Amino acid sequence: MKQAIWILTVALIGGIAGAQGPEGPSVSQAKGAIRGPAQSPASLPGPQTMTPQTYPVEQIQAGRLRFTSQCGFCHGRDTAGGETGPDLTRSKLVAEDVRGDEIGPVLRQGRPERGMPSFDLKDTDLGEIVAFIHDQKTRLEALGGGRRSVDAVDLASGDATAGRRYFNGTGGCSGCHSATGDLAGVASRYEGLALLQRMLYPGSGLAPARPKVTLSLPTGQTLVAPLASEDEFTIVALDPAGARQTYEKNAVKFRIDNSLSAHFDQLGKYTDDDMHNVFAYLDTLK
Amino acid sequence: MKLSGWSLVILSAVASAQGVGPKDLLHPPADSWLNYHGGYSGQRHSGLTEITPGNVGQLQQAWRFQTGQNQQIKSSPILSDGVLYVTTPDNIWAMDARTAKELWHYQNPPNNAFHIGHRGAAVYKDTVYLTTPDCHLIALSAKNGTVKWDVMIADSNKGYWSTNAPLIVGNHVLVGVSGDFDNLPGQLKSVDADTGKTQWIFYSTPPPGATEPHSGGATGGQMWTTGTYDPDLNLVYVGTGNPTPVLNGEARPGDNPWTCSIVALNPDTGKLVWGFQASPHDTHDWDANEVPVLVDADFKGQPRKLLMQASRNGYFFVLDRTNGKSLLTAPFATVNWAKGIDSEGHPIPDPAKYPSKSGVLVAPNESGATNFRPPSFDPKTGLLVVSAQDGYGIYFFKSEHGAYGWAGADYAVGGKAFLRAIDYRTGKIAWNHPIGEGAGAAGVLTTETGLTFSGDVTGNVMALRTSDGSTLWHEAIGRMGNAPITYELDGREYLVVGGGSSLYAFSLPKGEQP
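What you see is a predicted model; the values in this text were computed from it and never measured. The written sequence of each chain sets the order in which its residues are numbered from 1. Chain letters and ligand numbers both follow the written order, the letters beginning at A and the numbers at 1. Given that the model is predicted, a residue must reach a pLDDT of at least 70 before its local features are reported, and side-chain atom pairs must reach 80 or more before they are shown or counted; all residues, however, enter totals for whole chains, interfaces and linings.

Right, let's talk about the overall build of chain A for a bit. Only DSSP runs of H or I covering at least 4 residues are called helices, and only runs of E covering at least 2 are called strands; the numbering of each starts at the N terminus. Secondary structure assignment for chain A yields eleven helices and five strands. Exposure classes come from backbone-placed C-beta atoms, where a residue is buried if 20 or more other C-beta atoms lie within 10 Å of its own, exposed if 12 or fewer do, and partly exposed in between. Relative to its 286 residues, chain A shows a buried fraction of 35%. Note that contacts rest on C-beta atoms placed from the backbone: two residues are in contact if these are within 7 Å. Long-range pairs, those at least 24 residues apart, make up 66% of the contacts in chain A between residues at least 6 apart in sequence.

Below, the structure written as structure tokens:
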């Protein structure tokens, strides 16, 4: 009986892992800098607006005030990137947005795992912000802007052969990863900066990888689940439906399989040459 | 009879109108928290003793105040005359500290300056001072929140904004501003507490139009955090921000004084007495705005007037605050950007870690080994408890990024947050308490009974034992944006802390004897 529960749980978790695992982008992950195999080469400008939209000048002006004060510190007053937030004029989500249908949910729900707070906005407020972002994207594209950008060609300073050597040797990467296994085609799924960030620490950036937690409950049941968050007192795991479930640490036995910690430790070991070389090697895995 | 009743009322009104005096600021009473740090030293250490390691586990919520707004509380509350003042950008609330009932709320008109946070108000006499995102300093009546005067301290249309909790020294209200996205000189302004008239301006980088060869053409060095003050030396100590352009160091050769520095100023004249650069020629946004903590203690057997700072660049500095000379420089977090320490205690930046076209991997990341969140010094143990981060970032600069504002790009790639206790005598880490992934947001408060109050990344307010960092109490209140404060009111000790957009007070259960 216990075994049956385990197998069922593992199968369900496996389903989640398939959708949210480190190298298997789900539908919601097919945004931003993740590209499909047939998409444009890295050095081209950001994605173009798919559905051209125009907005009244008053709405854009009101949006400028709102955007600058609430969003500008992170995303730049001109929407082209700021202290921590990305360049919105190069965002695939913005390019696909039609009158806030994509931007709205992100603003209202935030992206807490990436440090973006949620905003409690009235429809009119939201509409103004959306109008300003689209207007800025049109303007900056006309200017050929992107002055705060990092282009994929900028990153091409490494030696793929040396990177492969490091990957299979000193770096120890091949202890967990394989160029023909989990990383096959990785450079078709991520490009440029997104690939570099993913390589350095898959726990940050788009679609962060989640450690797995094994929980032994007082009922005798054992669960293996993706870890949503953890603090000194609680474990928050995702159930098979993707909902967050909280467990008091002093009420359960638990073990966290955090392969991410190896990535964090590696950050202290890479030389800049190692980093560029491994990146160059991964960039060949298309 | 009626007449005498009126005169009583008038007398009491006069008495309370005197409010906070210079002596109160020098020696804050137990039933107050009169400036950002709760005192001039920046130690953020309370002498109250009712809450102890033995009973802290029984703390209960006494009240909760909700702003009813989106904006997170990132300010240090002020308590004066039984009234608490708490701020968010463009807002200040005065509430009865016994009941958390709102007494008044002042709201600044909407404006397009950054609304990223606000650090708190200041009080003097019967006036409350508030800076606004659009760089006004507003003097409000402590009694009813009406505006006494309103002056502009910098031009927000040029890119300045303010989050600053003013520092009041004598009749001077010292206010700073922020401004990293434009090449603007760093300025700290002293304003007359009664009239709002500007008394002096200290520029950390040359003012517009001035030519000063030593700066290397750098702008920036904004003083956006609250300084500390030594009344015996009559010196104000302020941390200065990073240079601009931020990541492009080629455009501003040399050390770029007085950016990323601790400066000692005469509060009556604004003149620089000495400066110490924590990060010469910074190219990573590591300002030195962290609190310069003032401590009188022995150092290597000698009684000293010390200044210590755990700086955003990952180094802990101990200086002689009479002259700014270095006594100790030691890393307190993961660092890989310096080639060593020079003979005067400054880290020597490694050019191999300057932002580059293909990127360099640098520790700490941009949010730093610590940041605005204030530390606390515990005199008994000699420990400075800091909200620290070990983290890495990738830094880019290419000529196309230009020489204006940010002028580059950088991304944090990983970080781990800790409460970390540094022994000031050696710079060694006495204990290290993990608080989550990324960076913490809570500052630190220590108390005389050996308690450290702070918070973790997920939103627990916590009490630790100062001597060893072990956890004694916690409560989930939402993400904290600043340090807890404590005070005594009607004979009871309260812990007050912001979580999300609420302010919480905790105390021991009634009838509980310490």
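Take the overall build of chain B next. Along the backbone of chain B there are two helices and 38 strands. The reference for a compact globule is 2.2 Å times residues^0.38; the radius of gyration itself is calculated from the C-alpha atoms. Against the 2.2 N^0.38 benchmark of 24 Å for 514 residues, chain B shows a C-alpha radius of gyration of 22 Å, consistent with a compact globule. Counting every position in chain B, which comprises 514 residues, the buried fraction comes to 59%.

Moving on, we come to the pairing of strand β34 (residues 460–465) of chain B. Looking along a regular strand, one sees side chains alternate from face to face of the sheet. All names here are of chain B. Of all six residues that make up β34, five are buried, and the element is covered over most of its length. Should DSSP find at least two bridges between two strands, the strands are regarded as paired. Judged from the five bridges that link them, strand β33 (residues 451–455) and β34 form a sheet pairing that is antiparallel. Across the sheet, residue serine 454 finds its bridge partner in β34, namely methionine 462. The antiparallel pairing of β33 with β34 creates a hairpin that spans four residues between the two strands, and glycine 459 there sits at a positive phi of about 110°. The turn linking β34 back onto strand β35 (residues 471–476) is made up of five residues, and glycine 469 within it adopts a positive phi angle of 80°.

Another point: the sheet that holds strand β5 (residues 91–96) of chain B. All names here are of chain B. Taken in spatial order, the four strands line up as β3-β4-β5-β6 in an open sheet, and their pairing is antiparallel. For this open sheet the edge positions go to β3 (78–80) and β6 (102–107), each flanked by a neighbour on one side alone. Averaged over all pairs of adjacent strands, the angle between their axes in this sheet comes to 20°, without regard to strand direction. Both strand β4 (residues 83–88) and β5 contribute to a ladder of six bridges, which runs antiparallel. Axis definition: a line fitted to C-alpha atoms, over the contacting stretch in the case of helices. Angles run 0 to 180 degrees between N-to-C directions.

Moving on to the nonpolar core. The nonpolar core criterion groups buried Ala, Val, Leu, Ile, Met, Phe, Trp, Tyr and Cys residues into a set whenever they are joined through C-beta atoms within 7 Å. Counting 129 residues, the largest nonpolar core has Ala121 and Leu384 of chain B as the members making the most contacts within it. Every residue in contact with leucine 384 of chain B, bar those within four places of it in the chain, is listed here: Val293, Met308, Ala310, Pro375, Phe377, Ile422 and Tyr424 of chain B. Counting residues in hydrophobic clusters, the runner-up holds 43 residues, among them Met275 of chain A together with Phe181, Leu247 and Ala338 of chain B.

Think of two packed helices as two axes; the pair is described by the angle between the axes and how far apart they sit. Residue and element names in this part refer to chain A. It is the contact of helix α9 (residues 192–200) with helix α11 (residues 272–282), at a shortest axis distance of 10 Å, that shows an interaxial angle of 115°. Classified by the interaxial angle, the pair formed by α9 and α11 is roughly perpendicular. Seen along the crossing, α9 lies across α11 with a hand that is right-handed. Contact with α9, carried on its side by Leu195, Leu196 and Met199, involves Val278, Phe279 and Leu282 of α11 and no other residues of that element. For this classification, Asp, Glu, Lys and Arg are treated as charged, while Ala, Val, Leu, Ile, Met, Phe, Trp, Tyr, Cys and Pro are nonpolar and the rest, including Gly, are polar. Each residue belonging to the contact of α9 with α11 can be placed in one class, and the counts come to six nonpolar, no polar and no charged. When describing relative orientation, an angle under 35 degrees is termed roughly parallel and one over 145 degrees roughly antiparallel, while 65 to 115 degrees is termed roughly perpendicular and anything else oblique. Crossings are classed by handedness, with left-handed meaning an anticlockwise turn of the near helix from the far one by less than a right angle and right-handed meaning a clockwise turn.

Moving on, we come to the interface of chain B and chain A. If you look at the interface, chain B gives 35 residues, while chain A gives 34 residues. Ranked by residue count, the leading element in the side of chain B that touches chain A is strand β30 (residues 409–423) of chain B, at five residues. Its residues assigned to classes, the side of chain B that touches chain A comprises 16 nonpolar, 15 polar and four charged.

With that settled, the discussion passes to the confidence of the model for chain B. All names here are of chain B. For chain B, the average pLDDT comes to 94, and 96% of its residues sit at 70 or higher. Within the model, pLDDT remains below 50 along residues 1–17, and this stretch shows two contacts once partners closer than five positions in the same chain are excluded. Two summary scores accompany this predicted model of the complex, namely pTM at 0.88 and ipTM at 0.91. The pLDDT value tells you how sure the predictor is about a given residue, anywhere from 0 up to 100.

Here the expected length of a helix is defined as 1.5 Å per residue gap, with one fewer gap than residues. Taking 1.5 Å of rise per residue, the 14 residues of helix α2 (residues 57–70) of chain A would be expected to cover 20 Å, and the 20 Å separating its terminal C-alpha atoms lies within 8% of that figure. Along α2 of chain A, the residues that are buried comprise Gly63, Arg64, Arg66, Phe67, Thr68, Ser69 and Gln70 of chain A.

A few words now on the sheet that holds strand β5 (residues 253–257) of chain A. Residues and elements named next belong to chain A. If you walk across this open sheet you meet the five strands as β4-β3-β2-β1-β5, and the pairing is antiparallel. Here the strands that pair on one side only, and so sit at the sheet edges, are β4 (244–248) and β5. Sheet twist, expressed as the average angle between the axes of neighbouring strands with direction ignored, equals 40°. Pairing of strand β1 (residues 212–216) with strand β2 (residues 222–230) involves five bridges; the strand directions are antiparallel. The residue of β2 that forms the bridge with serine 216 is threonine 222.

Turning our attention to the packing of helix α7 (residues 160–168) of chain A against α11 of chain A. Residues and elements named next belong to chain A. Viewed as axis vectors pointing N to C, α7 and α11 meet at an angle of 100°, and their least axial separation amounts to 7 Å. Considered as vectors, α7 and α11 are oriented roughly perpendicular to each other. Taken together, the residues of α11 that come into contact with α7 (itself represented by Ala160, Ala162, Gly163, Arg164, Tyr166 and Phe167) are Asp274, Asn277, Val278, Phe279, Ala280 and Tyr281. Along the lines of polarity and charge, the residues of the contact of α7 with α11 split into eight nonpolar, two polar and two charged.

Counting all residues, the mean pLDDT for chain A is 80, and 80% of those residues have values of 70 or more. Of the regions scoring below 50 in pLDDT, residues 1–44 of chain A engages in 58 contacts with residues more than four places distant in sequence or in other chains.

In this section: the pairing of strand β19 (residues 261–265) of chain B. Residue and element names in this part refer to chain B. In terms of burial, β19 is largely enclosed, as five of its five residues are buried. Strand direction decides the pairing type here: strand β17 (residues 235–239) and β19, joined by four bridges, are antiparallel. Within the sheet, the bridge partner assigned to glycine 239 lies in β19 and is isoleucine 262. In terms of strand pairing, β19 meets strand β20 (residues 272–277) through five bridges, oriented antiparallel. Considered in β20, the bridge of serine 261 is made with glutamine 277. The hairpin turn running from β19 into β20, its antiparallel successor, is six residues long, and glycine 270 in that turn takes a positive phi close to 75°.

This part covers unusual backbone geometry. Residues and elements named next belong to chain B. The step from threonine 244 to proline 245 runs through a cis peptide bond, and the omega angle for that step is -10°. Mapping proline 245 onto the fold places it in the loop between β18 (243–244) and β19. Of the consecutive residues proline 257 and tryptophan 258, the connecting peptide bond is found in the cis state with omega at -10°. Position of tryptophan 258 relative to the elements: it lies in the loop between β18 and β19. Within the chain, asparagine 256 stands out as a residue other than glycine whose phi angle is a positive 60°.

Attention now goes to the environment of glycine 469 of chain B. All names here are of chain B. Within the secondary structure, glycine 469 sits in the loop between β34 and β35. By C-beta crowding, glycine 469 is classed as partly exposed, having 19 other C-beta atoms within 10 Å. When the C-alpha atoms of glycine 469 and arginine 479 are compared, they prove to be 21 Å apart, with ten residues separating the residues in sequence. If we ignore the near neighbours within four places in the chain, the residues touching glycine 469 are Leu419, Ala421, Trp431, His433 and Leu464.

Turning next to helix α10 (residues 260–267) of chain A. Listing the buried residues of α10 of chain A in full gives Leu260, His263, Phe264, Gln266 and Leu267 of chain A. One side of α10 of chain A carries all its buried residues, which in axial view fall inside an arc of 160°. Exposed residues pointing more than 90 degrees away from the buried face of α10 of chain A are listed as Ala262 and Asp265 of chain A. Buried residues in α10 of chain A make contact with α9 of chain A together with β27 (360–362), β29 (383–396) and β30 of chain B. The arc under discussion is defined with respect to the helix axis, by the directions toward the C-beta atoms.

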